[in-house]
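Now for the letters of each chain:
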Amino acid sequence: MTAEHQRLSVNASRKIPLEQWGPYLSERQWGTVREDYSSNGDAWNYFPFKDSHSRTYKWGEDGLAGICDFFGNLCFAIALWNGKDKILKERLFGLGNSEGNHGEDVKELYYQLDNIPTHYYMEYLYKYPQQAFPYDKLVQENRSRSRTEPEYEILDTGVFDKNEYFDVLTTYAKQSPQDIVIKIDVTNRGPKAAPITVLPTLWFYNRWSYVGSDKKPGISYLSKTAVKANHHRLGTYYLYFQKPDDCFFTENETNMEKITGKPNETPFVKDAFHDAVIEGKNLQALRDKKSGTKCSPVYKLNIPAGATKTIYCRLSNKLIENPFAVGFEKIFTTRKEEANDFYAAILPAGMDADMATIQRQALAGLLWSKQYYHYDVERWLTTGDGITPVSDTRKHGRNNDWKHLKNQDVIAMPDKWEYPWYAAWDLAFHCIAMAVADPCFAKHQLLLIMREWYMKPDGQLPAYEWNFSDVNPPVQGWAALQVYYIEKKKEGKGDILFLKKVFQKLLINFTWWMNRKDVKGNNLFEGGFLGLDNIGVFNRSSPLGSNMHLEQADGTSWMAMYALNMMDMALEIAIHDKAFEDTATKFFEQFVLIAEALNEHGLWNEDDKFFYDTLSIAGSQPLQLRIQSIVGLTTLFAVSNIQKKSLDKLDDFKKRMTWFENYRKRNNLFWPNEDRNDGEVVLLSLLPKERLVFLLTRLLNESEFLSEGGIRALSKYHKNNPYSVTINGTSYNAQYDPGDSTSDFYGGNSNWRGPVWMPMNYLVIQSIRKYGTFYGENLTVEYPTGSGVQLTLGEVADELTRRVISLFKKNDKGERKLYGEYNWFYKNPGNESLVLFYEYFHGDSGKGLGACHQTGWTALVAELINELHHSTAKTDLASEAVAAERLAKLRKTVEQADEIE
């Protein structure tokens with residue numbers, strides 16, 4: 001049991017398995033729904049980046065390489081100035097939705113290098129140009145580009161061409177839960193000496209302006225190298241630092257003069273440090289001020305070429321006489337060794353260094369993605385922000401029917417800059433990857449989103465803050481099972497209480513789906529875009545007319561998968577608690593009815609051998625929308641293997657299942673399951689064997705879905721064969737876009753058309769692996785289609801896993817597919833081991849696209865590497881067993897020959 005595992009065991013005993021301090025500070029609070037008090041819901045323009053330096057937030061804080069306590073009260077982050085920028089670098093810069101040719105996008109270079117679940121050790125690397133940061137150039141160039149052109153990135157601007165930049169590595173090492181030592185290493189990567197100003201900044205989240213509290217916190221001067229922070233709930237903390245060149249105090253209050261034109265009553269406002277460092281304003285006033293709600297020591301460094309200078313700070317709830325006593329630096333070595341021990345314990349041994357790096361950075365990025373998230377919809381709708389008053393339009397605007405939602409929790413975000421808000425189905429995928437490192441926190445997150453302050457009383461789960469009423473695929477049950485089995489494999493036993501808690505809440509959600517999304521009551525489901533933004537020919541969430549509705553292949557498949565997941569959970573629980581046996585039967589029968597509807601009621605196209613969405617129009621024949629996409633492939637996901645030894649323990653379920661099967665077969669009704677020859681496993685799936693093979697033929701075709709980096713979301717067939725359909729006189733079209741979408745149904749960053757997406761690939765691989773477990777050597781398919789090479793489905797799952805991993809892994813040239821034309825930068829000394837985890841990947845080249853730190857679901861690559869390692873090990877063992885058997889037979893033959901002789 002490593003030191004980190006011991007700490008985790010303590011956390012597991014808590015109601016919320018979380019450390020008080022961690023990387024819970026957002027990387028972007030501006031441009032979010034929570035900070036939008038406009039009447040038209042234009043969050044990006046109401047609170048743009050240019051205002052973020054001067055205007056206080058109402059619902060959280062943001063910063064660079066920062067930390068905070070789990071209520072976001074007290075925050076610490078770094079600020080930088082290279083002597084040329086027009087603003088102090090206090091937060092990451094990026095484009096708003098209307099500024100980028102493909103929507104919002106961060107335009108910085110930063111890397112979450114290391115982290116462990118308790119955050120006793122963390123590393124964050126930021127690359128800061130020595131030339132003036134190209135803010136205007138990035139905005140203007142991207143605005144001028146069309147959707148068919150690539151985005152203009154910071155590596156295109158030339159500011160990194162001559163290595164004229166600083167590596168700013170911020171490392172956190174905890175002495176104890178409330179005692180954190182901080183090291184800021186600034187390395188000059190350039191060819192000559194360069195100046196940089198560093199401001200390690202401590203400040204309080206401004207709650208006092210909006211809640212009317214008279215208990216305003218404060219930071220006060222203690223000595224030349226220490227300040228004291230008092231908070232009525234958090235208590236007293238001290239920030240210790242080495243002797244600075246200056247020490248400034250100000251208030252975390254809006255600079256009204258800059259934002260509204262009204263004069264400030266005091267010069268001590270949020271951006272006072274910016275004015276002082278860059279413009280020399282109010283320097284003496286900031287030096288003379290000895291208290292405030294924002295404070296920073298100031299270090300003016302001049303760093304020789306290739307050299308590193310280090311600044312140490314310490315944030316502690318203890319009054320320490322000598323915080324930097326001789327040998328204090330050893331804490332970093334100790335905690336790094338503990339982090340190494342932790343990862344050595346949870347990740348497979350014997351991997352090459354590059355694969356180990358990919359896994360560790362994937363999990364580190366996921367752990368860095370934890371964020372304090374604060375949003376009370378009712379209060380947000382009925383109050384102002386001190387700048388814009390309440391309006392009736394806002395009261396009846398976005399999310400007005402979610403007044404019960406009152407969130408104030410630490411949540412694993414998709415990306416703390418691009419998506420600094422949770423999404424229901426994103427979070428489900430995050431939890432699977434999180435279970436590799438911290439299954440207890442993963443379970444907590446899954447349960448959290450089902451709690452009464454999240455889930456609507458009718459059972460709907462909140463989709464995401466831009467529209468909580470939108471519908472994400474119902475993957476929570478599937479994710480809960482994945483987390484359960486990952487932990488069970490590690491610990492040797494499963495957490496049945498967790499499954500019971502999840503199951504009870506999902507019963508309510510499943511009922512909501514049944515009542516709201518099956519319009520005709522025929523087990524064919526809608527659901528809108530279901531997370532697959534631009535995958536169709538039109539916006540599937542917008543009503544087409546009162547005389548028509550869409551029966552979705554993916555909506556129906558997700559519900560079949562949901563029913564199977566609920567059945568599997570109930571069966572697992574029923575082994576320990578017979579009260580769940582009847583419920584397992586209910587979901588089993590529900591699955592059979594959905595499977596029948598999908599296969600028998602018009603979604604399957606016999607000519608194309610594919611499933612399609614079908615548009616039902618009153619008075620007309622149903623219209624199949626024959627676009628070959630991941631929508632049709634979701635039918636693979638509903639698959640379950642039931643062990644006969646488990647069935648033998650559940651007499652009532654087995655009896656009912658047998659009766660239902662006999663009844664349906666006797667009456668020539670659809671039946672989805674198939675017994676294995678050895679009688680040990682029952683397969684339940686949406687797909688009869690014949691249709692499974694048809695779908696795999698398309699899936700594994702390199703001119704259709706199969707790319708070098710995994711499965712495309714849209715078949716490449718549509719590159720030369722665009723799909724077009726006319727509905728009510730309007731023409732709709734869709735074509736293969738391997739990279740960023742050229743359509744904007746859901747805003748500029750809606751890119752589901754052709755790229756490779758990690759969550760879909762993970763689901764495809766897991767499903768094929770389940771089929772492979774059932775069929776074994778009895779079913780082989782061509783891989784790739786047309787190659788003449790026959791593989792079992794287990795081998796196909798391994799090969800697809802290798803393709804996905806190849807996006808991240810270095811090739812013989814030392815390049816990674818995900819970096820595309822930017823590999824020149826990542827081959828430079830010091831950058832070779834840096835890995836990013838993009839939102840999605842180009843369907844042809846494998847280049848990373850979208851959010852570059854979408855470590856939430858892209859961190860699933862860590863679990864894929866685990867699975868491939870174990871699968872390969874099993875194959876090796878099987879090969880060894882076969883070889884041993886052959887050797888034994890050979891020896892026996894030789895012995896017999898000797899006897900005869």
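Details of the structure are given in the entry above.
Fair warning: this is a prediction, and the values are worked out from it, not measured in the lab.

### Re the nonpolar core
No. 1: Phe591, Leu800 and Phe808 are the most contacted members of the largest nonpolar core, which totals 288 residues.
No. 2: In terms of residues, this core owes the most to one element, helix α17 (residues 553–574), which gives 15 residues.
No. 3: Non-local contacts of Phe808, meaning those with residues more than four positions away in its chain, are made with Ile358, Met758, Arg816, Leu818, Val835, Leu836, Phe837, Phe841, Thr858 and Val861.
No. 4: If you look at the next biggest cluster of nonpolar residues, it comprises 11 residues, including Met548, Leu550, Leu625 and Ile627.

### A few points about unusual backbone geometry
No. 1: Residue Pro784 is reached from Tyr783 by a cis peptide bond, and omega for that bond is -15°.
No. 2: With respect to the secondary-structure elements, Pro784 resides in the loop between β32 (780–782) and β33 (790–792).
No. 3: With a phi angle near 60°, His119 is a residue other than glycine that sits in the positive phi range.
No. 4: Relative to the helices and strands, His119 is located in the loop between β6 (109–115) and β7 (121–129).
No. 5: A positive phi angle, near 60°, is found at Asn163, a position not held by glycine.

### Quick look at the sheet that holds strand β16 (residues 294–303)
No. 1: With antiparallel pairing, 6 strands are arranged side by side in an open sheet as β1-β2-β3-β10-β16-β14. One side of each edge strand has no neighbouring strand; the edge strands of this open sheet are β1 (21–22) and β14 (246–250).
No. 2: Here strand β3 (residues 74–81) runs beside strand β10 (residues 194–204); their pairing, made up of 8 bridges, is antiparallel. Bridging across to β10, Ala79 finds its partner in Leu199.

### So, the packing of helix α14 (residues 439–448) against helix α15 (residues 476–491)
No. 1: One can describe the packing of α14 onto α15 by two numbers: an axis separation of 10 Å at closest approach and a directional angle of 160°. As judged from the angle between their axes, α14 and α15 are roughly antiparallel. α15 is crossed by α14, and the crossing has left-handed handedness. Two secondary-structure elements touch here, α14 through Pro439, Ala442, Lys443 and Leu446 and α15 through Gln476, Ala479, Ala480, Val483 and Glu487.
No. 2: Grouping the amino acids of the contact of α14 with α15 by side-chain chemistry returns 6 nonpolar, 1 polar and 2 charged.

### Here's the deal with the packing of aromatic side chains
No. 1: Counted by the stated rule, this structure contains 69 aromatic pairs.
No. 2: Here the aromatic rings of Tyr312 and Phe332 are separated by 6.1 Å at their centres, their planes lie at 45°, and the arrangement is tilted. Residue Tyr312 is found in strand β17 (residues 308–316), and its partner Phe332 is found in helix α9 (residues 330–346); the two are separated by 20 residues along the sequence. We note that Tyr312, like Phe332, is buried.
No. 3: Through a chain of ring-to-ring contacts, three or more aromatic side chains come together here, namely Tyr37, Trp59, Tyr373, Tyr375, Trp380, Trp402, Tyr422, Tyr454 and Phe468.
No. 4: When the ring centre of Trp417 is taken as origin, the NZ or CZ atom of Arg28, which lies over that ring, is 4.8 Å away.

### Focus on the environment of Asp69
No. 1: Tracing the sequence through the fold places Asp69 in strand β2 (residues 64–69).
No. 2: Dropping the residues within four chain positions of it, Asp69 is found in contact with Gln20, Trp21, Tyr24, Leu74 and Leu234.
No. 3: A distance of 2.8 Å separates a polar atom in the side chain of Asp69 from the backbone nitrogen of Leu74.

### Let's talk about the sheet that holds β17
No. 1: With antiparallel pairing, 9 strands are arranged side by side in an open sheet as β6-β7-β8-β9-β17-β13-β12-β11-β15. The open sheet has two edge strands with one neighbour each: β6 and β15 (291–292).
No. 2: Sheet analysis places strand β12 (residues 226–231) next to strand β13 (residues 235–241), joined by 6 bridges and oriented antiparallel. From the neighbouring strand, Ala226 faces β13, where its bridge partner is Tyr240.

### Brief notes about the side chain of Gln361
No. 1: Inspection of the secondary structure puts Gln361 in helix α10 (residues 353–368).
No. 2: The exposure class assigned to Gln361 is buried, which follows from its relative accessible area of 8%.
No. 3: Side-chain polar atoms of Gln361 contact the backbone oxygen of Ser833, separated by 2.7 Å.
No. 4: A distance of 3.1 Å separates a polar side-chain atom of Gln361 from the backbone nitrogen of Val835.
No. 5: If we skip the residues at most four places from it in the chain, Gln361 touches Gln112, Leu113, Ser833, Leu834, Val835 and Phe837.

### Comments concerning the pattern of salt bridges
No. 1: The final tally for this structure, using the stated rule, is 58 salt bridges.
No. 2: A salt bridge links Lys107 to Asp105; the nearest nitrogen and oxygen atoms lie 2.8 Å apart.
No. 3: Look at Asp105 and you get buried, because its relative accessible area is 3%.
No. 4: The closest approach of N and O atoms between Lys289 and Glu251, which form a salt bridge, is 3.2 Å. Placement of Lys289 in the loop between α8 (283–288) and β15 and of Glu251 in the loop between β14 and α6 (256–259) is noted, with a sequence separation of 38 residues between them.
No. 5: One salt-bridge network, held together by shared partners, links Glu4, Arg7, Arg335 and Glu338.

Calculation criteria
- Residues numbered from 1 in each chain as written.
- Predicted model: local features only at pLDDT ≥ 70, side-chain atom pairs only at ≥ 80, totals over all residues.
- Heavy atoms only, no water.
- Core = buried A, V, L, I, M, F, W, Y, C linked by side-chain atoms within 4.5 Å.
- Buried < 20%, exposed > 50% of the residue type's maximum accessible area, 1.4 Å probe, protein only.
- Helix = DSSP H or I, 4+ residues; strand = E, 2+ residues; numbered from the N terminus.
- Contact = heavy atoms within 4.5 Å.
- Pairing = 2+ DSSP bridges.
- Axes fitted to C-alpha atoms, helices over the stretch in contact; angles between N-to-C directions.
- Parallel < 35°, antiparallel > 145°, perpendicular 65-115°, else oblique.
- Left-handed = near helix turned anticlockwise from the far one by under 90°.
- Nonpolar A, V, L, I, M, F, W, Y, C, P; charged D, E, K, R; others polar.
- Phe/Tyr/Trp six-rings, centres within 6.5 Å; stacked < 30°, edge-to-face > 60°.
- Lys NZ or Arg CZ within 6 Å of the ring centre and 35° of its normal.
- Polar contact = N/O pair within 3.5 Å; in protein donor to acceptor, adjacent residues only side chain to side chain.
- Salt bridge = Lys/Arg side-chain N within 4 Å of Asp/Glu carboxyl O.

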